[in-house]
Amino acid sequence: MKKYYIAIDIGASSGRHIVGWRENDEIKTDEVYRFHNGVKEENGHLVWDISALLESVKAGIDEALKKYPKIESLSIDTWGCDYVHLKGQKEVLPVYAYRDSRTAEAIERVHELIPFEELYARTGIQFQPFNTIYQLYADLLCGRLAGVTDFLMIPEYLMYKLTGVKVKEYTNATTTGLINADTKQYDTYITSKLCLPESLFPALKQPQTVVGKYKGIKVVLCATHDTASAIEGIPMSEENSPYISSGTWSLLGIKAPAANTAGESRKGNWSNEGGVGYIRYQKNIMGMWVVNRLKDELCPEKPFKEIDEEAAASTFYDYLDVNDSLFLSPKSMKEAFDKWFEREEKKPVTIGDYFRCAYQSLAISYMNALQELERNTGKTYQKLYIVGGGAKNKLLNKLTAEATKKEVIALPIEATALGNLAIQIRSNKV
């Protein structure tokens, strides 16, 4: 008899409930529910509507049960870094989004207490201004941690609201910048040096751990960081080929047996994040964020097929550094592009020019990251696997192959959901 599982995969702009089951040694899937997600501005800050997110999660489970009345288990994965504070059972609002700029002072203060070189040597986690370590220290500075009993990463919080059980999961915890790369638990030297409450950092659990039940469905920890689940969902013929998980961000890396915290990795801002039995040695670089923002601004009603045809026909071949802070969260992505090229003779003019430039720039950033990866590992790679939303973009894949000179294997599959489901299926066999 078939056993059915729900993967609830939530990204920064949308979420989906995908029911999966094993059939002829493959995981078959059925998307039963999709919902909108996104940051909103509140009192000058970017925040998540966490109550709406929870209601969407519950609504999708209800829809899944209508079609598949007997479901074995479910699990939830989301982006990293963001969290919900609790005082007992009560949420501390708002729930800030990682793109909010509230960490500027905290970053400086953290690095005064623990230089980044030391942080990296202990955790192997790349610097990003939104890393949880800086968000938590910003909370400490403004008194927001007073009375807080728990901090739960977004998927941990959602599963707690389903089951009443608070569990901390390893892969997502590594995005905090607080996990020791050797012990794979919270680094007590870091948390004590920053005067963060010890009670917020219990022992971490690994994927396949059972959390509890919701409506008779077993709730299980997948790799709750979406990229960690995505890597589990890539059907690689070669275990250590580089991958790009292409979504709002592009996560480019390899599976590694241990963290690489050498100086060159730190200088290149490479990260050593938790995987399922391995380290994801990867770099967080710009992804489809720039493309989607351009579309929202320049041609919201135009389908990507037409946009990409115009981009392919464009003769604008220049590129920009998509990882520059100019493109992180501009009010106008077009104006950010224009500012970059303001001193250049040739500037993008048509819609096709802007998108050609965006795709070319992403391809060049992938090339640069791959070359760096090969230098840092001392290995040469022949293949590049791409999964996620960006894998569907044939023009971007073509430009990436041309720039990197690698065999690009684009898999337009729901890799994150497949990885989420695979972990649940393995858990069921234990």
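Just above, that's the structure.
Scope of this entry: the structure provided in the associated data block. (Residues numbered from 1 in each chain as written. Predicted model: local features only at pLDDT ≥ 70, side-chain atom pairs only at ≥ 80, totals over all residues. Heavy atoms only, no water.)

Here's the deal with the sheet that holds strand β15 (residues 271-274)
As a reminder, the rule being used: Strands are labelled as partners when DSSP assigns at least two bridges between them. Secondary structure is summarised from DSSP: a helix means a run of H or I of at least four residues, a strand means a run of E of at least two, and numbering begins at the N terminus for each. All axes here are fitted lines through C-alpha atoms, helices being fitted over the stretch that makes contact, and every angle between N-to-C directions spans 0 to 180 degrees. The contact criterion used is simple: two residues touch if any of their non-hydrogen atoms lie within 4.5 Å.
Spatially, six strands are ordered β15-β16-β14-β13-β17-β18 in an open sheet, and the strand pairing comes out mixed. The sheet is open, and its two borders are formed by β15 and β18 (407-411), each paired with just one other strand. Taken over all neighbouring pairs, the strand axes of this sheet differ in orientation by 30° on average, direction set aside. As paired elements, strand β14 (residues 249-256) and strand β16 (residues 279-286) share eight bridges and run antiparallel to each other. In the sheet register, Ile254 faces β16, and the bridge partner there is Tyr281. Across the sheet, helix α13 (residues 351-377) lies against β13 (243-246), β14, β16 and β17 (383-387), angled at about 150° from β16, the strand it touches most.

Re the packing of aromatic side chains
To keep things clear, this is the line we draw: Working definition: rings of Phe, Tyr and Trp (its six-membered ring) pair if their centres are within 6.5 Å, and the pair is stacked with planes under 30 degrees apart, edge-to-face with planes over 60 apart, and tilted otherwise. Buried residues are those whose accessible area, probed at 1.4 Å on protein chains only, stays under 20% of the maximum for their type, while exposed residues exceed 50% and partly exposed ones sit between those limits. In this scheme, the term charge over a ring applies when either NZ of a lysine or CZ of an arginine sits within 6 Å of the ring centre and within 35 degrees of the ring normal.
Scanning all chains against the criterion turns up 19 aromatic pairs. Ring centres of Phe116 and Tyr120 lie 6.0 Å apart, and the angle between their planes is 50°; this geometry places the pair in the tilted category. Residue Phe116 and its partner Tyr120 are located together in helix α3 (residues 116-123), separated by four residues, close to a single helical turn. No difference in accessibility class separates Phe116 from Tyr120, as the two residues are buried. Considering the side-chain rings of Phe327 and Trp340, the 6.0 Å spacing of their centres and the 50° angle between planes classify their relative orientation as tilted. Within this pair, whereas Phe327 is found in the loop between α11 (304-313) and α12 (333-340), its partner Trp340 is found in helix α12, the two being separated by 13 residues in sequence. On the basis of relative accessible area, Phe327 is assigned to the buried category, the value being 0%. What links up through ring pairs into an aromatic cluster is the set Tyr83, Phe151, Tyr186 and Phe201. In this structure, Arg99 is placed above the aromatic ring of Trp289, and the distance from its NZ or CZ to the ring centre is 3.7 Å. Just above the ring of Phe304 sits the side chain of Lys295; from NZ or CZ to the centre is 5.5 Å.

Some words on the environment of Leu418
Looking at the secondary structure, you find Leu418 in helix α15 (residues 415-429). Once the C-alpha coordinates of Leu418 and Tyr354 are considered, the two residues, 64 residues apart in sequence, prove to be 34 Å apart. Once residues within four sequence positions are removed from consideration, Leu418 is found in contact with Ile27, Thr29, Gly233 and Ile413.

What about the sheet that holds strand β7 (residues 83-87)?
Picture the strands of a sheet paired through backbone hydrogen bonds; they go either parallel or antiparallel. In space, the three strands of this open sheet follow the order β8-β7-β10, with antiparallel pairing throughout. Each of the sheet's edge strands pairs with one partner strand only, and the pair in question is β8 (90-92) and β10 (150-153). Strand-to-strand twist across the sheet, computed as the mean angle between neighbouring axes with direction ignored, equals 40°. As paired strands, β7 and β8 are joined by three bridges and run antiparallel to one another. Its bridge partner being in β8, Lys87 is matched across the sheet by Lys90. On top of the sheet, helix α4 (residues 132-141) reaches β7 and β10; it is set at about 35° to β7, its chief contact.

Some remarks on the pattern of salt bridges
Defined as follows: Should a side-chain nitrogen of Lys or Arg be within 4 Å of a carboxyl oxygen of Asp or Glu, the pair is scored as a salt bridge.
Per the stated rule, a full pass over the model turns up 27 salt bridges. Measuring nitrogen to oxygen at the nearest pair gives 3.8 Å for the salt bridge that ties Glu264 to Lys267. Taken together, the residues Glu264 and Lys267, both in helix α9 (residues 263-267) and three residues apart, mark about one turn of the helix. In this structure, Lys398 and Glu402 form a salt bridge, with 2.7 Å as the shortest nitrogen-oxygen distance. Of this pair, Lys398 and Glu402 are both found in helix α14 (residues 394-404), four residues apart, which corresponds to roughly one turn of the helix. Assessed through its relative accessible area of 47%, Lys398 is described here as partly exposed. Exposure remark for Glu402: the relative accessible area of 43% places this residue in the partly exposed category. Salt bridges here are not isolated pairs; linked through shared partners, they connect Glu31, Arg34 and Glu414.

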